[in-house]
Amino acid sequence: MAEKNKFYITTPIYYGTAKPHLGSLYSTLLADVFTRWHKLQHKKTFFLTGTDEHGQKVAQAAEKAGKDPKKFVDSFIPAYKTTWHHYELEYNKFIRTTDPEHIKAVQYWIKKLLEKGDIYKSMYSGWYCTPCETFVTDEAESNEAPLCSSCNRQTNRVSEESYFFRLSAYQDKLLKFYKDNSGFIIPKERASEVIRFVESGLRDLSISRTTISWGIPFPNDPEHVVYVWADALNNYISAIGYGDPEKQEEFNFWWPADMQVLGKDIIRFHAVYWPAFLMAADLQLPKRLLVHGWIKVNQQKMSKSLGNVVDPDVLFEHYGADPIRYYLIRHMAINHDTDFSIEDLEQRIASDLADDLGNLLNRMLTLAFKYNLSIVHSQKVWTESGEALRRNSWDAIEDFEKYMNEGMAHMAVARLWRFINQVNSYFHAQEPWQLAKNNEVHFAEVISAVCHSLYDIGILMWPIMPKKMEELLKNLGVFLHYDQNYLEDIKNNRWDRTFNLFITQTLFEKPHILKEESITQADEEVSIEETKYTTIDEVQKVELRVGTIEECEPVVKSDKLLKMRVNFGEFGNRQILAGIKKSFSPEDLIGEQAVFVFNLKPRKMMGMESQGMMLIAENEQGDLEIIKPTHRVKEGTRLR
């Protein structure tokens, strides 16, 4: 059968008992990123997310809140949709397990399995974990309550009539499927865990309850409701028309899912129960499960009880969507747990986004417009350095595609950042600010090479930072449309584009400090740190003086530092280092006057002592400006 030009991806559906946290954002963001990755390839895409709203856990939470279960879960839906909207998560359907079409699909599935004999009625007696909605069947004979293997909480003894799914009948079929489909679970180390579990022996699975009423009524047996996992897992097929004759064609087009995103704590349900459910229903199995690790805070898994659940809405208000999207995708590794910290987030936004990428765009645009190069034509012949950068771009595109197709988005972005650093090194080594004065042809080539590089970067990074990359591409005169295969375009492109440059707003702002404790979710409103005021006495301690830069040279092995000898008149000469190398050449500064913090304690930088600090301002376009007097004044003059 020919491969369909489509991509269907799902997230786990989240318990409708609280607003979304950073972990649920991460799962949903991964789905959005891979959806956009396939949109770049001009595929039809379907992205499903939603909420799991039945079961004892939900019923107990609703009772505690003094609400009807349906009204209780209804109250959390706007929070999910608002947060997903803030983070540009463009899902096609938000399913709720209380949706009528989902209920009908689950009942249709159960009837089908009853007819086949894969579901039967018996008695269950054993231990049950309410938070995980899990039966601990392997401890059924124990008299002492075991801890849940998933959440480590105490379980409760349950004895009741139940319908069972013949999971044991699918043990050998599952093992054969894993063997024949080695790429079904990624990363591969997760697959080993699943295989060991199945090889240890599967018992039939309880899929109904009689002691709770909040659930889907079991077909033809109103005393029972469908147990939550048999209910919840079927959302992946009910959302696209399973069991509805009028939607059979739609279902046939989208199923099987191409990728299902989930956290490692629910892998057993998705890699064992779910495939067995599908086999029993004579349906194809998903092509791939992408199983990610946990986001930790202070080396601990996020938990309401620990009070360390990070609120994505506070992060959005303070940093915006795309910087958070970037940080989560690049620095939260798929294949292991990763710690989240505000300090690291802010450092990455400042260094990776503002310095590495934003400043590269700024410097190129500033120079191009300064020397009247707003239309950048392609080059017929490239110099050796330009050709080397072009080859580097093709290598980066090839590696990026490979990692994305393997589900390793964090490795794809890390690889692309190596290329961004290569572009910065190329730009600095070519010294286009000098070429503009004496070699216009080579200057135009350097600008063209950087434009082509930024175009490739903008396309590849669009799934991760859609709004910011659309802004970047707009600066190059490029506007995305969804009627072409952009991945093929940059793979086949020979760097022969013409760019019509524009200058818009600064791409990335460096963040202001946010208190760590203000990002956690709580019942009361969270707030960002208030402005810290200083006193007039403290201000007067700072000694600002005007100096003349008499010598200036780059600091070897530093991408940022310039070393200056500054004349302060009667106060003598001082050596001052400033991180402005990417914005100014030494020739731009020699002979200029500037304002310096004169009484700053000397400090070591790259093994050299800096005896003051230069004052710099950043304008709306992100360009750096030297703070200096409007007219020349005597060296050493103090500002008051």
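Residues numbered from 1 in each chain as written. Predicted model: local features only at pLDDT ≥ 70, side-chain atom pairs only at ≥ 80, totals over all residues. Heavy atoms only, no water.

Peer 1: For this particular structure, what's the right way to read the overall build of the chain?
Peer 2: Tallying secondary structure elements over the chain gives 22 helices and 27 strands in all. With respect to the three principal axes, the spread of C-alpha positions in the chain is 95 × 60 × 40 Å. The buried share among the 640 residues of the chain stands at 54%. Sequence-distant contacts in the chain: of pairs separated by 6 or more residues, those separated by 24 or more amount to 75%. Averaging the coordinates of the 77 positive side-chain charges in the chain and doing the same for the 90 negative ones gives two points 2 Å apart. (Helix = DSSP H or I, 4+ residues; strand = E, 2+ residues; numbered from the N terminus. Buried < 20%, exposed > 50% of the residue type's maximum accessible area, 1.4 Å probe, protein only. Contact = heavy atoms within 4.5 Å. Lys, Arg positive; Asp, Glu negative; His and termini not counted. Charge placed at Lys NZ, Arg CZ, Asp CG, Glu CD.)

Peer 1: Where do I start with the sheet that holds strand E25 (residues 613-614) in this structure?
Peer 2: Adjacent strands of a sheet form backbone hydrogen bonds with each other and so pair up, either parallel or antiparallel. Across the sheet, which stays open at both edges, the 5 strands sit in the order E21-E20-E19-E22-E25 with antiparallel pairing between neighbours. At either end of the open sheet lies a strand with only one pairing partner, and these are strand E21 (573-578) and E25. Across 6 bridges, the pairing between strand E20 (residues 562-567) and E21 is antiparallel. Paired with Asn567 across the bridge in E21 is Asn573. (Pairing = 2+ DSSP bridges.)

Peer 1: How should the pattern of salt bridges be read in this particular structure?
Peer 2: Here the structure, examined in full by the defined rule, presents 38 salt bridges. Two residues, Glu90 and Arg36, come together in a salt bridge whose shortest N-O distance is 3.6 Å. A residue pair is termed long-range when its members are at least 10 positions apart, and Glu90 in the loop between helix H4 (77-86) and strand E4 (93-96) and Arg36 in helix H1 (residues 22-39) qualify at 54 residues. Glu90 serves as the salt-bridge partner of Lys39, at 3.4 Å between the closest nitrogen and oxygen. (Salt bridge = Lys/Arg side-chain N within 4 Å of Asp/Glu carboxyl O.)

Peer 1: Teacher, can you tell me more about helix H7 (residues 188-199) here?
Peer 2: Residues that lie three or four places apart on an α-helix share one face, since the helix turns once every 3.6 residues. Along its 12 residues, H7 runs 17 Å from first to last C-alpha, staying within 8% of the 16 Å computed at 1.5 Å per residue. Within the sequence span of H7, burial applies to Arg190, Ala191, Val194 and Val198. One side of H7 holds all its buried residues, which, seen down the axis, span an arc of 100 degrees. H7 presents Arg196 and Glu199 as exposed residues on the side facing more than 90 degrees away from its buried surface. At its buried positions, H7 is contacted by helix H6 (171-180), strand E8 (185-186), helix H11 (267-280) and strand E13 (289-292). (Expected span 1.5 Å × (residues − 1). Arc of directions from axis to C-beta.)

Peer 1: Honestly, the nonpolar core in this entry has me stumped. Any pointers?
Peer 2: Taken as a class, soluble globular proteins show a tendency for nonpolar side chains to be buried jointly. Of all hydrophobic cores here, the largest spans 104 residues; its most connected members are Leu315, Phe340, Met364, Leu454, Met461 and Leu476. Here the element with the most residues in this core is helix H18 (residues 440-461); it accounts for 13 residues. Setting aside residues up to four positions removed in sequence, Met461 forms contacts with Tyr326, Val413, Leu416, Trp417 and Met469. One finds Phe46, Ile110, Ile240 and Trp254 within the second-largest nonpolar core, a separate group that totals 66 residues. (Core = buried A, V, L, I, M, F, W, Y, C linked by side-chain atoms within 4.5 Å.)

Peer 1: Would you mind going over the environment of Ser213 with me for this structure?
Peer 2: Mapped onto the elements, Ser213 comes out in the loop between strand E10 (208-209) and strand E11 (225-226). Taking the relative accessible area as the measure of exposure, Ser213 reaches 65% and is therefore exposed.

Peer 1: What's the story with the packing of helix H13 (residues 321-331) against helix H16 (residues 409-430) in this structure? I'm lost.
Peer 2: The packing of two helices is summarised by the inter-axis angle and the distance between the axes. Where H13 meets H16, the axes come as close as 7 Å, and the angle between the chain directions of the two elements is 105 degrees. Of the possible angle classes, the one that applies to H13 and H16 is roughly perpendicular. Contact residues: H13 offers Tyr326, Ile329 and Arg330, while H16 offers Ala409, His410, Val413, Ala414 and Trp417. Tallied by class, residues from the contact of H13 with H16 come to 6 nonpolar, 1 polar and 1 charged. (Axes fitted to C-alpha atoms, helices over the stretch in contact; angles between N-to-C directions. Parallel < 35°, antiparallel > 145°, perpendicular 65-115°, else oblique. Nonpolar A, V, L, I, M, F, W, Y, C, P; charged D, E, K, R; others polar.)

Peer 1: Help me out: how do you make sense of the packing of aromatic side chains in this one?
Peer 2: In this description, a pair of aromatic rings is defined by centroid distance and the angle of the planes. For the structure on display, the rule yields 35 aromatic pairs. With a centroid separation of 6.3 Å and an interplanar angle of 10 degrees, the aromatic rings of Phe251 and Trp255 are classed as stacked. The exposure classification of Phe251 matches that of Trp255, with both residues buried. Measuring from ring centre to ring centre gives 5.8 Å for Tyr371 and Phe443, while their planes differ by 75 degrees; the resulting arrangement is edge-to-face. Residue Tyr371 is found in the loop between helix H14 (342-370) and strand E17 (375-376), and its partner Phe443 is found in helix H18; the two are separated by 72 residues along the sequence. On the accessibility criterion, Tyr371 (26% relative accessible area) is partly exposed. On the accessibility criterion, Phe443 (5% relative accessible area) is buried. Members of the aromatic cluster, joined through ring pairs, are Tyr8, Phe46, Tyr108, Tyr236, Tyr242, Phe251, Phe253, Trp254, Trp255 and Trp274. Taking NZ or CZ as reference, Arg497 lies 4.2 Å from the ring centre of Tyr455, over its face. In this structure, Arg545 packs its charged tip against the face of Phe571, placed 4.1 Å from the ring centre. (Phe/Tyr/Trp six-rings, centres within 6.5 Å; stacked < 30°, edge-to-face > 60°. Lys NZ or Arg CZ within 6 Å of the ring centre and 35° of its normal.)

Peer 1: Would you mind showing me how to read empty space enclosed by the protein here?
Peer 2: Taking a probe equal in size to a water molecule and rolling it over the atoms shows the remaining empty space. Under the criterion given, the structure shown has 2 cavities of 30 Å³ or more. Empty space within the largest cavity amounts to approximately 50 Å³. Lining the largest cavity are 11 residues; nearest its centre among them are Leu361, Asn362, Leu365, Asn475 and Gln505. Top element by residues in the lining of the largest cavity is H14. It accounts for 4 residues. Tallied by class, residues from the lining of the largest cavity come to 4 nonpolar, 7 polar and no charged. As a volume, the second largest cavity reaches approximately 30 Å³. The wall of the second largest cavity is formed by Tyr26, His292, Gly293, Trp294, Ile295, Met332, Ala333, His336 and Thr338. (1 Å grid on protein atoms, 1.4 Å probe; cavity = no way out; pocket = protein on both sides within 12 Å on 5 of 7 lines; lining within 4 Å. Points joined across faces, edges and corners; volume = space filled by probe spheres on them.)

Peer 1: I keep staring at the confidence of the model for the chain and nothing clicks. Help me out?
Peer 2: The predicted coordinates of low-pLDDT regions are not to be read in fine detail. Overall, the prediction assigns the chain a mean pLDDT of 90, with 92% of residues at 70 or greater. When the criterion is pLDDT under 50, residues 522-532 qualifies, and its contacts beyond four places in sequence or with other chains add up to 8 contacts. (pLDDT = per-residue confidence, 0-100.)

Peer 1: What am I meant to see in unusual backbone geometry here?
Peer 2: With glycine set apart, most residues show a phi of negative sign, and most peptide bonds adopt trans. Looking along the chain, the bond that leaves Ile186 and enters Pro187 is cis, with omega of 0 degrees. Mapped onto the fold, Pro187 is located in the loop between E8 and H7. Note that the residue after Trp255, namely Pro256, is joined by a cis bond; omega there is 10 degrees. Tracing the sequence through the fold places Pro256 in the loop between helix H10 (248-254) and strand E12 (259-263). Even without being a glycine, His42 presents a positive backbone phi close to 60 degrees.

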